Amino acid sequence: MAHRYRLTPAPEQEAALGEHCAHARFVWNLAVEQQSWWWPGRGSTPGAAVRMRQLAEARAAEPWLREGSSSVQQQALRDFDKAMAAFLDPQNPAGKPSYRSKRGTQGFVIRDTKVHRLNRNHAEVFVPKCGYVRFRLSRDLPADLGMTRVTMDRAGRWHVSFQGPQPALDREPTGGAVGIDRGVRTALVTSDGQHYRVPRISDRRAARYLALQRRMARQQKGSRKREKTRRAMARITAKVTDRRKDWAEKVSTRLVEDHDLIVFEKLNVKGMTRKPQPKPDPEHAGNFLPNRRRQKAGLNRGILASCWGYLARRTEQKAAASGAAVTYVDPKHSSQECRSCGHIASSSRESQAVFRCVSCGHEDHADANAARNVLARGLAWLAVPAQAPGPRGVRPRKTPANGAAGTTRQAA
């Protein structure tokens, strides 16, 4: 995982960091452009060694590029090679490397990390052609720093990240197990009946964001006033995002500390938040039928704001380092199945919160009933006995198509 700290550069250092980001973005985009010109039958694209030689030639020809750090620019090419390798790996769901914009998150990588601790709360990291830059010690530094990544988010805040292992939580085995039902209105409901709601944007900030959005729509593209408005909108978004991540960190820590087994639903969040496909009108060529795009967009925002994937991923990482276990089960009919008698009917769920079985009359909170079904499926999956050895030995047990999944990052 990445141990991230808030960077506090001086004004002249901030300008130098911005130049490093521009150089790394320029080199990355050139590599993406070279890759985009390839298609079958045209020949192979330049390899890593060829790109390094081309970078040396570009630095000799361009004074702006030559003024930057060669190690930062070379590392941008190495990052591109890793991104392409991940894209070509069938076991990795990474997407194809794309162009980087100057309005998005900026960053670059430092290979030779040098850190000096100044006092209890501050330290400094060495950046090539920039000197030592101070950052705040909000947590302990990793034992092996390795490479360092410096980033600037859309709100203009600088951070420095060091790669390190996930620290183990101070916990004792409890023998407890919990099932998790994830939703939109209530982000998290446990099988114990505990409800967790993710922090939302306040009405005041939402009104402020809407006013800024309308102002930016009237401003000229590329102007300084438009960039100032965009930064103000990004600062509001950053505050909301920080609150959500803080909530996910605290909830995942509580789940791992109190339980030895956490069971999640295996949800395809990426597929659930995909835009609906247009529906052509068969009677009128060139026209389209309503596909409820605006309603689906609102649902997608609610799902992404609930931090489903981030919460499950952080729970996995903390559980693996602390001696707990995380598993995933099939979510099919988990909200329609009665935990008491096992009857499945969509009419049993009368509303968002009320579940009343039409077969046995069992009443419960709808999300809590679904969480208990998730827990029962997880315990049933773990209770499956091992396969008896045959004449050719013990074969590995295969995961059924509708069964549980392992603790993989793609499952969340």
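Scroll up to find the structure this text is about.
Residues numbered from 1 in each chain as written. Predicted model: local features only at pLDDT ≥ 70, side-chain atom pairs only at ≥ 80, totals over all residues. Heavy atoms only, no water.

A.B. asks: What am I meant to see in the pairing of strand S8 (residues 177–182) here?
C.D. replies: In summary, the side chains of a regular strand alternate between the two faces of the sheet. In terms of burial, S8 is largely enclosed, as five of its six residues are buried. Note that S8 and strand S11 (residues 261–265) share three bridges and pair parallel. Within S11, the residue paired with Gly-179 across the bridge is Val-263. Connecting S8 to the next strand, strand S9 (residues 188–190), in antiparallel fashion are five residues. (Buried < 20%, exposed > 50% of the residue type's maximum accessible area, 1.4 Å probe, protein only. Helix = DSSP H or I, 4+ residues; strand = E, 2+ residues; numbered from the N terminus. Pairing = 2+ DSSP bridges.)

A.B. asks: Which parts of the structure should I look at to understand the packing of helix H1 (residues 11–36) against helix H4 (residues 70–88)?
C.D. replies: Axes are the key here: two packed helices are described by the angle between their axes and the distance separating the axes. The N-to-C vectors of H1 and H4 enclose an angle of 40 degrees; their axes lie 9 Å apart at closest approach. Judged by the angle between their axes, H1 and H4 are oblique. Note that H1 runs across H4; the crossing there is right-handed. Only Val-72, Gln-73, Ala-76, Leu-77, Asp-79, Phe-80, Ala-83 and Met-84 of H4 make contact with H1, whose side of the interface consists of His-20, His-23, Ala-24, Val-27, Trp-28, Ala-31, Val-32 and Gln-35. Class assignment of the residues belonging to the contact of H1 with H4 gives a composition of eleven nonpolar, four polar and one charged. (Axes fitted to C-alpha atoms, helices over the stretch in contact; angles between N-to-C directions. Parallel < 35°, antiparallel > 145°, perpendicular 65-115°, else oblique. Left-handed = near helix turned anticlockwise from the far one by under 90°. Contact = heavy atoms within 4.5 Å. Nonpolar A, V, L, I, M, F, W, Y, C, P; charged D, E, K, R; others polar.)

A.B. asks: Please clarify how the side chain of Gln-75 should be interpreted in this entry.
C.D. replies: Tracing the chain through its elements places Gln-75 in helix H4. The class for Gln-75 is buried, based on a relative accessible area of 1%. Among residues more than four places away in sequence, those in contact with Gln-75 are Val-109, Arg-111 and Met-147.

A.B. asks: What am I meant to see in the packing of aromatic side chains here?
C.D. replies: Any aromatic ring pair is given by two values, namely how distant the centres are and how the planes are angled relative to each other. Taken as a whole and assessed by the stated rule, the structure comprises seven aromatic pairs. Ring pairs connect the aromatic residues Tyr-5, Phe-135 and Phe-162, which therefore count as one cluster. Lying over the aromatic face of Phe-126, Lys-114 brings its terminal NZ or CZ to 5.5 Å of the ring centre. Directly above the ring of Tyr-310 sits Lys-245, whose terminal nitrogen or CZ lies 6.0 Å from the centroid. (Phe/Tyr/Trp six-rings, centres within 6.5 Å; stacked < 30°, edge-to-face > 60°. Lys NZ or Arg CZ within 6 Å of the ring centre and 35° of its normal.)

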